[in-house]
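# Structural overview
Below are the chains, spelled out letter by letter.
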Amino acid sequence: MTNLSSAILDPIMHVDPVGPRITYYDDATGERIELSAATLANWAAKTGNLLRDELGAGPGSRIAVLLPAHWQTAAVLFGAWWIGAEVLLGSDGVDGEGDADIALCTAARLGDADAVVAGTGGEVVVLSLDPFGRPAPDLPVGVTDYATAVRVHGDQIAPELRPGPALAGASTDEVLASSRKSADAAALTPSDRVWSANGWDSPTELIDNMLAVFAAGASLVQVGNPDAGAQERRRDTEKVTRSLD
């Protein structure tokens, strides 16, 4: 058995570690950032080391991810899976009181994060999602700022070889099979450059809109707050071959 991050990222790293893997736009702020597979893996490793070494997470830990579709969210997800933890999303009951061990959220969702760790007294980590790595301001005492905490952790990781469930109770093998099935249904290939403005708010959405792309070996152009008038030009500029509408 392997963990989900190794199962998805290792084949990409073997074939093309330096080509564009995820290009993120936020049309509300004008942000554009592009990560190779190697850079994404480094961010995921730093996140996994933060979760494991500083917050005590590992196989069997339940990590609620209350974040939008964003390149930093991808790093959080792959970081959680690299240490064998289970990811919980919106449809997994994280909008109410729960027993997550850790919640990662934006400042706007601090109340939701507090609720999902209420049963365990777990940790809350806030992401500013700032493109320059600025910390989230004015956080309550006891809440971890991701941007500040993650930078001190190493960008290499010892992957967990005995992971627990990966996503909402599903195993690594089950999530990987679903991702490959979704990629096949969409006829995605490693040469595809895939445009999407879809969310990752449920296991199905995450599989269809992100994991399937990476499982196929394709690259993703993810757009937040899309300006409808800019997308046709963006597809041309980014050499998009497929769109997830």
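Under the annotation held in an unreviewed UniProt entry, the protein chain carries the name TIGR03089 family protein and is attributed to [Mycobacterium] crassicus.

## Quick word on the packing of aromatic side chains
All chains considered together, the criterion is met by 3 aromatic pairs. With a centroid separation of 5.3 Å and an interplanar angle of 75°, the aromatic rings of Trp 43 and Trp 71 are classed as edge-to-face. One end of the pair, Trp 43, is in helix H2 (residues 37-54); the other, Trp 71, is in helix H3 (residues 71-82), and 28 residues separate them in sequence. Put simply, the rings of Phe 78, Trp 81 and Phe 214 touch in pairs and so form one group of aromatic residues. Sitting above the plane of the Tyr 25 ring, Arg 234 keeps its charged end 3.8 Å from the centroid. The ring of Trp 195 has Arg 235 lying over it, and the distance from NZ or CZ to the ring centre is 4.0 Å.

## Here we look at the pattern of salt bridges
Summed over all chains, the structure comprises 11 salt bridges. A salt bridge links Asp 16 to Arg 21, with the nearest nitrogen and oxygen atoms 3.6 Å apart. Taking the relative accessible area as the measure of exposure, Asp 16 reaches 28% and is therefore partly exposed. The buried category is assigned to Arg 21, whose relative accessible area is 4%.

## Considering helix H7 (residues 203-215)
Taking 1.5 Å per residue, 13 residues should reach 18 Å; H7 reaches only 15 Å between its end C-alpha atoms and comes up short. Its maximal kink placed at Asn 209, H7 deviates by approximately 35°. Every buried residue of H7 is accounted for by Pro 203, Leu 206, Ile 207, Asn 209, Met 210, Leu 211, Ala 212, Val 213 and Phe 214. A positive backbone phi angle near 80° is found at Gly 217, which sits one or two residues after H7.

## Focus: the packing of helix H1 (residues 4-15) against H7
For the pair H1 and H7, the least separation of the axes is 9 Å and the interaxial angle reads 50°. With respect to each other, H1 and H7 are oriented oblique. Between H1 and H7, the contacting residues are Leu 4, Ile 8 and Ile 12 on the first element and Leu 211, Phe 214 and Ala 215 on the second. Residue composition of the contact of H1 with H7, grouped by class: 6 nonpolar, no polar and no charged.

Definitions and cut-offs
Residues numbered from 1 in each chain as written. Predicted model: local features only at pLDDT ≥ 70, side-chain atom pairs only at ≥ 80, totals over all residues. Heavy atoms only, no water. Phe/Tyr/Trp six-rings, centres within 6.5 Å; stacked < 30°, edge-to-face > 60°. Helix = DSSP H or I, 4+ residues; strand = E, 2+ residues; numbered from the N terminus. Lys NZ or Arg CZ within 6 Å of the ring centre and 35° of its normal. Salt bridge = Lys/Arg side-chain N within 4 Å of Asp/Glu carboxyl O. Buried < 20%, exposed > 50% of the residue type's maximum accessible area, 1.4 Å probe, protein only. Expected span 1.5 Å × (residues − 1). Bend = angle between axes of the 7 residues up to and from the residue. Axes fitted to C-alpha atoms, helices over the stretch in contact; angles between N-to-C directions. Parallel < 35°, antiparallel > 145°, perpendicular 65-115°, else oblique. Contact = heavy atoms within 4.5 Å. Nonpolar A, V, L, I, M, F, W, Y, C, P; charged D, E, K, R; others polar.

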